[in-house]
Amino acid sequence: MTQSARASNRPAGRMSGGRAMAEMLRLAEVGPMFGMGGFQLLPFYDALAQLGMRHFLINDERCGAFAAEAFARVTNRPGICDGTLGPGATNLVTGLIEGLNAGTPMIAFAGDTNRSHSWKNMTQECRQVEILRPAVKELIRVEETKRVPELLRRAFAVATSGRPGPVLVDVPEDVCHGEHDFAAEDFAIDPTTLQAPARRVRPDRADIARAAALIARAKRPLILVGGGIHLSQGYEALLALAEAQSIPVGHTMSGKGGIACSHPLSAGLFGRYSRIANELIEAADCLLVVGCKLGEIATKRYALPSPAIPLIHLEILAEEIGRCSPAAVALWGDARAGLEDLAAALADDARHARVARADYLREIPVQMRAWRTEAAARLDSSERPIHMARLCRELNQVLPADSILVADGGFAGHWTGLLYDTKSPGRHFIPDRGLASIGYGLPGGIGAALAAPTIPVVAITGDGGFNMMLGELETARRAGVGLTVVVVNNAASGYVKALQHAMFRGRYQSSDLVEMDYAAIARTMGCGGIRVEDPDRICDALREGLDERSHPTVIDVVVTRDPARMLPAVDNRTVEIRHGDRIA
Ligand SMILES: Cc1ncc(C[n+]2csc(CCOP(=O)(O)OP(=O)(O)O)c2C)c(N)n1
Ligand SMILES: [Mg+2]
């Protein structure tokens, strides 16, 4: 390759498939990548080194996928990860499905066998293409070295268009190590495909008119937003419609931050756990559901919303509309575009709507204040071990408006989903609700921290989820991320224990963890570590963590061990459970 070709964005000449992969990723200006090498992809790794691109060795490919997924949520740019043949590839599955279900743009590379020897019991060989195919939006197998640029263009287009999602690029060893004479023209990429949403599609105009007519007639309309509001970056459009038309906004865990939780129009979380939003849904006479699948948690196992309430469903994936709740009006399109079009269609009516809904709107802060009064004993609790609600209150107090809270799949996500308040619209709360795996917190925190290096990032995780991922503390330290990890230490697989308490009369099986001092472990690993047993110490510990910018800090918070008081917003000593019920 000539010197001038190397310096330009359009390299040319003879190079390996791995080099061509790296050149395409450089053209795409991707962020840091996460993976663990193996023989098949080594030319790719070598090219990354030569090109000076950032790639982090992770200690488990699942964590690489989680970190890439969180990176993508913060930036809306495809998160990049890789794994080697066989176990490396299969370890990617959980993280890829998180991205698939959450609609997160990702590109993952998996090395595969040399095709001259495939299916002759090669070491680590398995049917990885078949295993990975249902875990991704599209699986692309590269059969020729010369097709690397073309198929990477395809990977970006798929990852960032429609409902975004993960793409798996399967690269046989001989394709990665093989060489081809590339022309400069081979290295091109459509810049619109580098960030989701690549293209915005607007709902049909007649459908917008029908939806606008329904909203205009409604006395108590309510907007319910899911994670699609972030993917579409529809924050301004959402607030503009809600304010102009005086419509409160509830959110799922993934939709938190569509508008700031502290905004007077915010009705908070709806679904399995709710402050006031579920009651508002029941009393609503029109629901506008935006970028939300209306799945099990959002609907309290399909108990919400009543089919009698007319529902407008604005969704990028046409076949998602009406899947769980029938839609009176289907708006197929991008969330931001649809909200803008609805606002335009209703603009002439705005003054009248604001007057007509003034009393309705005044109810929201009143109800929210009443909820806070009722919840005050928990939020302000000074009990030891520490009450989870008190921990959430301290997070609310200490985390600044621009910070990001990454929440793990156990209690951490549900408690903060209910009680944590974002202070500005945007991706300030990142829960892994795509697949709700425990263990996302720490690697997700690493990905988010690398995506937003100047912004305070806190990851909150259960002790069980943290145990799964302890090795990634080494990654975080090596990467020099100033991440704060809050470990909710209840010495239990708490969710399971709470359910066993409620449903099996306290017959516990495989739900206790041994008492650990995670702060001491973190210090041994060269990170900061603070153990907190006194609720009045949480605030200072969090500040100390946020101030440390060069390495991670683990704050080990000793929380309630009483399985009767582990579920958010529920005291399950008072819960009556009938056969088949799912209380949480
Ligand atoms: C990979 C995975 N395995 C199992 C579960 C089921 N599960 C949900 S919450 C939970 C308890 C996790 O314990 P911990 O991380 O300590 O959180 P806690 O509920 O105690 O706060 C389990 C096992 C899951 N979500 N993900
Ligand atoms: Mg636990």
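Each remark here, short or long, concerns the structure printed above.
Rules used throughout
- Residue numbers here run from 1 along each chain, matching the order of that chain's written sequence.
- Working convention: letters from A go to chains and numbers from 1 go to ligands, in the order in which they are written.
- Confidence filtering applies because this is a predicted model: local features only for residues at pLDDT of at least 70, side-chain atom pairs given and counted only at 80 or more, and all residues used for totals across whole chains, interfaces and linings.
- The basis for every side-chain value is the complete set of heavy atoms in the structure, and neither hydrogens nor water enter the calculation.
- Numbered from the N terminus, helices here are DSSP runs of H or I no shorter than four residues, and strands are runs of E no shorter than two.
- Note on classification: 1.4 Å probe, protein chains only; a residue is buried when its accessible area is under 20% of the maximum for its type, exposed when over 50%, partly exposed between these limits.
- Nitrogen, oxygen and sulfur within 2.8 Å of a metal are treated as its donors, or within 3.2 Å for sodium, potassium and calcium (Na, K, Ca); water is not counted, so a site can appear incomplete.
- A 1.4 Å probe that fits but cannot get out identifies a cavity on a 1 Å grid over protein atoms alone, an open set with protein on both sides within 12 Å along at least five of seven lines counts as a pocket, and a residue lines either if it has an atom within 4 Å of a point.
- Grid points are joined across faces, edges and corners, and a volume is the space filled by probe spheres set on the points.
- Only Asp, Glu, Lys and Arg are considered charged in this grouping, and only Ala, Val, Leu, Ile, Met, Phe, Trp, Tyr, Cys and Pro are considered nonpolar; every other residue, Gly among them, is considered polar.
- In this analysis, two residues are considered to be in contact whenever any of their non-hydrogen atoms come within 4.5 Å of each other.
- Only one rule defines a salt bridge in this text: a Lys or Arg side-chain nitrogen within 4 Å of an Asp or Glu carboxyl oxygen.

Caption draft 1: Just unusual backbone geometry, in detail. Cis geometry is found at the peptide bond from alanine 196 to proline 197, where omega equals -5°. Here proline 197 lies in the loop between strand E8 (179–182) and helix H10 (205–217). The step from arginine 384 to proline 385 runs through a cis peptide bond, and the omega angle for that step is -10°. Relative to the helices and strands, proline 385 is located in the loop between helix H16 (358–379) and helix H17 (388–398). The phi angle at glutamate 29 is positive, at roughly 50°, despite the residue not being glycine. Looking at the element boundaries, glutamate 29 is found in the loop between helix H2 (17–27) and strand E2 (33–35). The phi torsion at leucine 294 lies on the positive side, around 55°, for a residue other than glycine. Residue classification places leucine 294 among the buried positions, given a relative accessible area of 3%.

Caption draft 2: The arrangement of the coordination of the magnesium ion (ligand 2) in detail. For the magnesium ion (ligand 2), the full set of protein donor atoms is Asp463 (OD), Asn490 (OD1) and Ala492 (O), and the range of their distances to it is 2.0 to 2.1 Å. Considered as a linear motif, the donors of the magnesium ion (ligand 2) on their single chain read D-x26-N-x1-A.

Caption draft 3: Fine view of empty space enclosed by the protein. In this structure the tally under the stated criterion is 1 cavity of 30 Å³ or more. Looking at the largest cavity, its volume works out to about 40 Å³. Lining the largest cavity are Met388, Phe411, Val488, Asn490, Val559, Thr560 and Met566. Taken together, the residues that form the lining of the largest cavity break down as 5 nonpolar, 2 polar and no charged.

Caption draft 4: Region of the structure containing the side chain of serine 325. With respect to the helices, strands and loops of the structure, serine 325 is situated in the loop between strand E13 (311–315) and strand E14 (329–332). Discounting residues that sit within four places of it in the chain, serine 325 has contacts with Leu294, Leu304, Pro305 and Leu311.

Caption draft 5: Local environment of the pattern of salt bridges. Scanning the model with the defined rule gives 43 salt bridges in all. Residue arginine 200 is joined to aspartate 334 by a salt bridge in which the shortest nitrogen-to-oxygen separation is 2.8 Å. On the criterion of sequence distance, the pair formed by arginine 200 in the loop between E8 and H10 and aspartate 334 in the loop between E14 and helix H14 (335–346) is long-range, its members being 134 residues apart. Where arginine 393 meets glutamate 394, a salt bridge forms, and the shortest distance between an N and an O atom there is 3.0 Å. The exposure class assigned to glutamate 394 is buried, which follows from its relative accessible area of 2%. Sharing partners across several salt bridges, the network here consists of Asp112, Arg115, Arg141, Glu143, Asp170 and Asp174.

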